[in-house]
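Letter by letter, the chains look like this.
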Amino acid sequence: MKPARPKRTRQRAAVKAPRPALSPDALKAAQEKIGYRFKAPELLERALTHPSAVGTADAVKLSNQRLEFLGDRVLNLLIAERLIARRQTEREGDLAPRLNRLVKKSACAEAMRHLEMQPYLILSESEIASGGRERESALGDACEAIIAAIYEDGGLTAARKFIERAWAPQFEAAPAETKDPKTLLQEWAQGRGHPLPEYVVTGRSGPDHAPVYEVEVRLQPGAARASGPSKRDAEREAAARMLRELTGTE
């Protein structure tokens with residue numbers, strides 16, 4: 001009698017999550033909005049893919065997180081290059097606040113709104129329902145990711161042209177006085193013999209891909225609170241509110 005054959009265990013094939021994608025018409029329209037036609041359009045789709053639209057295991061591979069990281073660096077380089085070329089008599093201390101104003105998350109979000117790119121963000125249904133298409137962090141992250149995608153597809157020249165297009169209103173509206181609110185608040189305190197302002201993170205909420213920081217600035221004789229998508233943005237807004245309270249301006 002032959003020995004019974006061992007039963008074979010069936011291995012389930014791993015189910016791959018579908019790659020988020022825009023329709024062909026939407027992909028074409030998005031490229032027209034940004035003023036650049038991709039040789040590899042999938043780069044643009046990934047740049048527009050919010051982490052909420054893919055599973056946690058696929059976030060690194062399929063979402064815009066890694067492109068955002070690269071795009072932030074490319075943006076800083078090209079804005080710094082632009083400032084150096086156009087403001088040849090200014091010192092580093094004058095250039096730094098101008099750079100910060102143009103590369104912060106809210107500036108990136110404003111660039112996306114200028115190009116009317118909100119409809120092309122690839123988000124989960126819950127993220128859409130909670131207002132994700134207008135959320136500053138989602139728009140800002142996607143903008144930085146688009147810069148990286150263009151850089152990878154067409155190089156620095158193409159990325160530079162996109163920034164000139166997307167940031168055009170902000171470049172035109174650049175004020176003569178661009179000191180950071182934190183700098184202005186520090187100068188106010190020093191001019192009156194007060195201790196320097198103290199910034200304290202009092203809370204953090206929201207998911208990892210869209211955090212909200214609560215910051216309190218403390219300065220004799222009071223304090224002011226603000227929130228933002230990063231500690232830096234929250235500190236700036238808190239400083240601006242404190243300045244308005246101290247100077248009685250709106």
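Everything below is about the structure shown above.
To keep things clear, this report deals only with the structure shown in the data block. (Residues numbered from 1 in each chain as written. Predicted model: local features only at pLDDT ≥ 70, side-chain atom pairs only at ≥ 80, totals over all residues. Heavy atoms only, no water.)

### Some thoughts on the pairing of strand β3 (residues 222-228)
Two strands pair when backbone bridges link them, and strand β2 (residues 212-219) and β3 are joined in this way by 7 bridges, in the antiparallel orientation. Its bridge partner being in β3, Glu 214 is matched across the sheet by Ser 227. (Pairing = 2+ DSSP bridges. Helix = DSSP H or I, 4+ residues; strand = E, 2+ residues; numbered from the N terminus.)

### Quick notes on the side chain of Asn 64
For Asn 64, the position within the fold is in the loop between α3 (59-62) and α4 (65-86). At a separation of 3.1 Å, a polar atom in the side chain of Asn 64 contacts the main-chain carbonyl oxygen of Ala 47. The contacts of Asn 64, once residues within four sequence positions are left out, are Arg 46, Ala 47, Leu 48, Thr 49, His 50, Pro 51, Asp 141, Ala 142 and Ala 145. (Polar contact = N/O pair within 3.5 Å; in protein donor to acceptor, adjacent residues only side chain to side chain. Contact = heavy atoms within 4.5 Å.)

### Section: the packing of aromatic side chains
Inspection of every chain in the model, using the stated rule, returns 1 aromatic pair. With a centroid separation of 4.9 Å and 85° between ring planes, the pair formed by Tyr 36 and Phe 38 is classed as edge-to-face. Here the guanidinium or amino end of Arg 73 rests over the ring plane of Phe 69, the centre of that ring lying 4.0 Å away. Note that Arg 82 overlies the ring of Phe 171, its terminal NZ or CZ placed 3.6 Å from the centroid. (Phe/Tyr/Trp six-rings, centres within 6.5 Å; stacked < 30°, edge-to-face > 60°. Lys NZ or Arg CZ within 6 Å of the ring centre and 35° of its normal.)

### Remarks on the sheet that holds β3
Strand order across the open sheet formed by 3 strands is β1-β2-β3, with antiparallel pairing between neighbours. Looking at the sheet topology across the chains shown, the edges are occupied by β1 (198-205) and β3. Direction aside, neighbouring strands of the sheet carry axes that sit 20° apart on average. Here helix α10 (residues 181-191) sits on the sheet and contacts β1 and β2; the angle it forms with β2, its principal contact strand, is near 15°. Contacts between helix α11 (residues 231-247) and the sheet are confined to β1, β2 and β3, with β3 contributing the most and set at about 140° to the helix. (Axes fitted to C-alpha atoms, helices over the stretch in contact; angles between N-to-C directions.)

### Side note on the packing of helix α1 (residues 24-34) against helix α8 (residues 136-166)
It is the contact of α1 with α8, at a shortest axis distance of 11 Å, that shows an interaxial angle of 45°. Comparing the axis directions of α1 and α8 gives the class oblique. Across from Glu 32, Lys 33 and Ile 34 in α1, the residues of α8 making contact are Ile 146, Ile 150, Phe 162 and Arg 165. Counted by class, the contact of α1 with α8 contains 4 nonpolar, no polar and 3 charged residues. (Parallel < 35°, antiparallel > 145°, perpendicular 65-115°, else oblique. Nonpolar A, V, L, I, M, F, W, Y, C, P; charged D, E, K, R; others polar.)

### Let's talk about the pairing of β1
Both faces of the sheet carry side chains from a regular strand, because those side chains alternate between them. Of the pairings in the sheet, the one linking β1 to β2 comprises 7 bridges and is antiparallel in character. Each bridged residue has a counterpart across the sheet, and for Val 200 the counterpart in β2 is Glu 216. Here β1 folds back onto β2, and the loop between the two strands holds 6 residues, one of which, Gly 206, carries a positive phi near 85°.

### Points about the nonpolar core
Residues Ile 34, Ile 146, Phe 162 and Trp 167 are the most contacted members of the largest nonpolar core, which totals 49 residues. Of all the secondary structure elements, the ones that give two or more residues to this core are α1, α2 (41-47), α4, α5 (92-103), α6 (105-115) and α8. If you tally residues by element for this core, the top one is α8, at 14 residues. In this structure Ile 146 touches Ile 34, Leu 44, Ala 47, Leu 48, Met 112, Met 117 and Phe 162, once residues within four positions along its chain are discounted. (Core = buried A, V, L, I, M, F, W, Y, C linked by side-chain atoms within 4.5 Å. Buried < 20%, exposed > 50% of the residue type's maximum accessible area, 1.4 Å probe, protein only.)

### Section: the pattern of salt bridges
By the definition in use, this model includes 20 salt bridges. A salt bridge links Arg 218 to Glu 216, with the nearest nitrogen and oxygen atoms 2.5 Å apart. Between Arg 244 and Glu 237 there is a salt bridge; the shortest N-O distance is 3.4 Å. For Glu 237, a relative accessible area of 30% corresponds to the partly exposed category. Three or more residues joined by partner-sharing salt bridges are found here, namely Glu 68, Lys 105, Asp 141 and Glu 144. (Salt bridge = Lys/Arg side-chain N within 4 Å of Asp/Glu carboxyl O.)

### Some details on the packing of α4 against α5
To describe two helices that pack against each other, one gives the angle between their axes and the distance between the axes. Running from N to C, α4 and α5 cross one another at 135°; their axes reach a closest spacing of 10 Å. Judged on the interaxial angle alone, α5 and α4 are oblique. Where α4 crosses over α5, the handedness of that crossing is right-handed. Contact residues: α4 offers Leu 75, Asn 76, Ile 79, Ala 80, Leu 83 and Ile 84, while α5 offers Leu 95, Arg 98, Leu 99, Leu 102 and Val 103. In terms of residue class, the contact of α4 with α5 is built from 9 nonpolar, 1 polar and 1 charged. (Left-handed = near helix turned anticlockwise from the far one by under 90°.)

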